[in-house]
Amino acid sequence: MDMSIANDNALVKIVETSGLEKTDAEVVLQKFQDYFRIAADWENKVKALVVTSPTQTAEMKMAREGRLFLRAKRLDIEQTRKQLKEQYLRKGKAVDGFANI
């Protein structure tokens, strides 16, 4: 099975069982789907990349670029997670505020 398809299926399953409203679920799914596709593409590239000698500088450079690229994507995912979660936290605080009054 293609890793990208497996990841998409896992994301859809999480969204379906989350209890989120449909529009909220679609936003979350859309935000994270691209990151999983990028990771699956890079996984295929990494599997094809084998460094066995210190003279393989081009391969080592590609491995470094891939590592830095994936690091940047992990940071993007964390930023996206925080942004999405902030919206829900504000809603929760507003509900608590109304209840307290």
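Residues numbered from 1 in each chain as written. Predicted model: local features only at pLDDT ≥ 70, side-chain atom pairs only at ≥ 80, totals over all residues. Heavy atoms only, no water.

1. Quick look at the overall build of the protein
When you go through the protein residue by residue, the secondary structure sums to three helices and zero strands. Its helices and strands in sequence order give the protein the pattern α-α-α, from N to C terminus. The globule rule puts the C-alpha radius of gyration for 101 residues at 13 Å, and the 19 Å found for the protein is more than 25% above it. Principal axes of the C-alpha set define a box for the protein whose edges measure 70 × 30 × 15 Å. A total of 101 residues make up the protein; the buried ones form 18% of that total. In the protein, of all internal contacts separated by at least 6 residues, the share reaching a separation of at least 24 is 63%. Accessible surface computed for the protein: about 8000 Å², of which carbon and sulfur atoms make up 58%. (Helix = DSSP H or I, 4+ residues; strand = E, 2+ residues; numbered from the N terminus. Rg over C-alpha atoms; globule rule 2.2 N^0.38 Å. Buried < 20%, exposed > 50% of the residue type's maximum accessible area, 1.4 Å probe, protein only. Contact = heavy atoms within 4.5 Å. Areas by Shrake-Rupley, 256 points an atom, 1.4 Å probe, with all protein chains shown as cover.)

2. Brief notes about helix H2 (residues 22-48)
Look at H2: 39 Å from first C-alpha to last across 27 residues, which is about the 39 Å you get at 1.5 Å a residue. The axis of H2 is deflected most strongly, by about 25°, at Phe-32. When H2 is considered as a whole, its buried residues turn out to be Asp-24, Ala-25, Val-28, Leu-29, Phe-32, Gln-33, Tyr-35, Ala-40 and Trp-42. (Expected span 1.5 Å × (residues − 1). Bend = angle between axes of the 7 residues up to and from the residue.)

3. Topic: the pattern of salt bridges
For the structure shown, the criterion picks out five salt bridges. For Glu-78, the salt bridge identified is with Arg-81, shortest N-O distance 2.6 Å. Separated by three residues within a single helix, Glu-78 and Arg-81 lie in helix H3 (residues 57-100), roughly one turn from each other. Since its relative accessible area comes to 31%, Glu-78 is described here as partly exposed. (Salt bridge = Lys/Arg side-chain N within 4 Å of Asp/Glu carboxyl O.)

4. Things to note about the environment of Ile-14
Here Ile-14 is to be found in helix H1 (residues 3-17). Residues Ile-14 and Ala-25, spaced eleven residues apart in sequence, show a C-alpha to C-alpha distance of 9.4 Å.

5. Notes on the confidence of the model for the protein
When the pLDDT values of the protein are averaged, the result is 85; 92% of them are 70 or greater. Across the protein, H3 holds the top mean pLDDT of 91, while H1 sits lowest at 71. (pLDDT = per-residue confidence, 0-100.)

6. Comments concerning the side chain of Thr-80
Along the polypeptide, Thr-80 turns up in helix H3. Once residues within four sequence positions are removed from consideration, Thr-80 is found in contact with Lys-31, Phe-32 and Tyr-35.

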